[in-house]
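Here is what each chain is made of, one letter per residue.
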Amino acid sequence: MRTREVRAFPLQDLRITRADDKTGRLEFHGRSIVYNSLSEDMGGWRERIMPGAATRTLAANPDTRFLINHDPNLLLARTASGTASLSEVPEEGVDVDARMADVSYARDLAVSLERGDINQMSFGFWVTADGWAGNVHEVFGIDLDGGDVSVVTYPAFSQTSAELRSAAARQIGEPPLPEPAQVTRALQELRAGKVLSAANRQLVQDARDALDALLEAADARSLPEPGYPVERARHRLNELEMLAQL
């Protein structure tokens, strides 16, 4: 199953046009994806969307929504309806042009954009081709069909899949930190009699490694009485060790 990713960039080339003062229709232009720009530190690693990453998906006319804060209830425009369009600027990124819906939240957004209170764009996508250059995750291909471009109040660099965080941790030589919810789902699948996928096997192994490191740190402190939390962690570690061997 593909994992959706979300990233944010400073909003560039912003233009808000009040095309019709009578109806209040608003037109938007901005850069939703910036090529060849290093992300913020994402925990010991950074990311770069490489030039041309969106070429293939744009050629297939993806159905992409234009939203506020990735909220499907705050729909401004959509490529499938012809009210939004995405265009690639070679070597620079992907621009979005939209005729925003004549709704109150679009008019409110226009005020916030013009004031500079909102100054970032983000996009939801799926990685189709990637690699690593040292501690930099390079994305060579993305899929925007069913994804979105959004104006956002806060950056979304932290919204990275557990799979990518785990891969990044292995790349930079640090113990991966698995998502508790995903470990729980893997355990639920096992208890339901399902065979663990390769990804879930790795997830369980990552959880085991993380707990092992935690226990080593606790032992290093030479606590006179480990107490219930440490004993509970040891029990959980034994359980995960057995699962990882299945």
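Please refer to the structure higher up on the page.
What counts and what doesn't
Residues numbered from 1 in each chain as written. Predicted model: local features only at pLDDT ≥ 70, side-chain atom pairs only at ≥ 80, totals over all residues. Heavy atoms only, no water. Helix = DSSP H or I, 4+ residues; strand = E, 2+ residues; numbered from the N terminus. Buried < 20%, exposed > 50% of the residue type's maximum accessible area, 1.4 Å probe, protein only. Areas by Shrake-Rupley, 256 points an atom, 1.4 Å probe, with all protein chains shown as cover. Pairing = 2+ DSSP bridges. Core = buried A, V, L, I, M, F, W, Y, C linked by side-chain atoms within 4.5 Å. Contact = heavy atoms within 4.5 Å. Polar contact = N/O pair within 3.5 Å; in protein donor to acceptor, adjacent residues only side chain to side chain. Salt bridge = Lys/Arg side-chain N within 4 Å of Asp/Glu carboxyl O. Expected span 1.5 Å × (residues − 1). Arc of directions from axis to C-beta.

A. Molecular detail of the overall build of the chain. Looking only at helices and strands, the chain has six helices and ten strands in total. For the chain, the proportion of its 246 residues judged to be buried stands at 41%. Of the accessible surface of the chain, which amounts to about 13,300 Å², a share of 49% is contributed by carbon and sulfur atoms.

B. Focus on the pairing of strand β6 (residues 71–78). As defined by bridge partners, strand β5 (residues 65–68) adjoins β6 across four bridges and the pair is classed as antiparallel. Paired with leucine 67 across the bridge in β6 is leucine 75.

C. Representation of the nonpolar core within the structure. Core analysis: the largest hydrophobic core is formed by 35 residues, its most contacted members being Phe28, Phe66, Met100, Phe123 and Val151. Going through the elements one at a time, β3 (25–34), β5, β6, β7 (84–89), β8 (93–100), α2 (104–115), β9 (120–133) and β10 (136–152) are the ones with two or more residues in this core. Here valine 151 is in contact with Phe28, Phe66, Leu67, Ile68, Asn69, Leu109, Leu113, Ile118, Gln120 and Met121, once residues within four sequence places are set aside. Judged by nonpolar contacts, the second largest core, of five residues, contains Met42, Leu164, Ala168 and Ile172.

D. The arrangement of the side chain of serine 122 in detail. Relative to the helices and strands, serine 122 is located in strand β9. Serine 122 sits in the buried class, given a relative accessible area of 0%. A polar side-chain atom of serine 122 sits 2.8 Å from a polar atom in the side chain of histidine 70.

E. Expanded view of the environment of arginine 56. Take arginine 56: it is sitting in helix α1 (residues 55–59). Owing to a relative accessible area of 77%, arginine 56 belongs among the exposed residues under this scheme. Here the alpha-carbon distance between arginine 56 and leucine 144, two residues 88 residues apart in the chain, equals 9.8 Å.

F. Summary view of the pattern of salt bridges. Here the structure, examined in full by the defined rule, presents eleven salt bridges. Measuring nitrogen to oxygen at the nearest pair gives 3.2 Å for the salt bridge that ties glutamate 5 to arginine 7. Since its relative accessible area comes to 4%, glutamate 5 is described here as buried. When the shortest N-O distance is used, the salt bridge between aspartate 95 and arginine 31 registers 2.7 Å. Remark: arginine 31 occurs in strand β3 and aspartate 95 occurs in strand β8; sequence separation between them is 64 residues.

G. Region of interest: the environment of arginine 48. Tracing the backbone shows arginine 48 in strand β4 (residues 46–49). Arginine 48 sits 82 residues away from aspartate 130 along the chain, and the two C-alpha atoms are 9.9 Å apart.

H. Region of the structure containing unusual backbone geometry. For aspartate 13, which is not glycine, the phi torsion reads 55° and is therefore positive. As for its position among the elements, aspartate 13 is in strand β2 (residues 12–20). With a phi close to 55°, asparagine 69 is a non-glycine residue in the positive phi region. Its location among the elements puts asparagine 69 in the loop between β5 and β6.

I. Seen up close, α2. In this model, α2 (twelve residues) spans 17 Å end to end at C-alpha, consistent with the 16 Å of a helix rising 1.5 Å per residue. Every buried residue belonging to α2 is among Ala106, Leu109, Ala110 and Leu113, and all of these are buried. The buried residues of α2 occupy one face: seen down the axis, they fall within an arc of 105°. Exposed positions of α2 whose direction lies more than 90 degrees from the buried face are Asp108 and Arg115.

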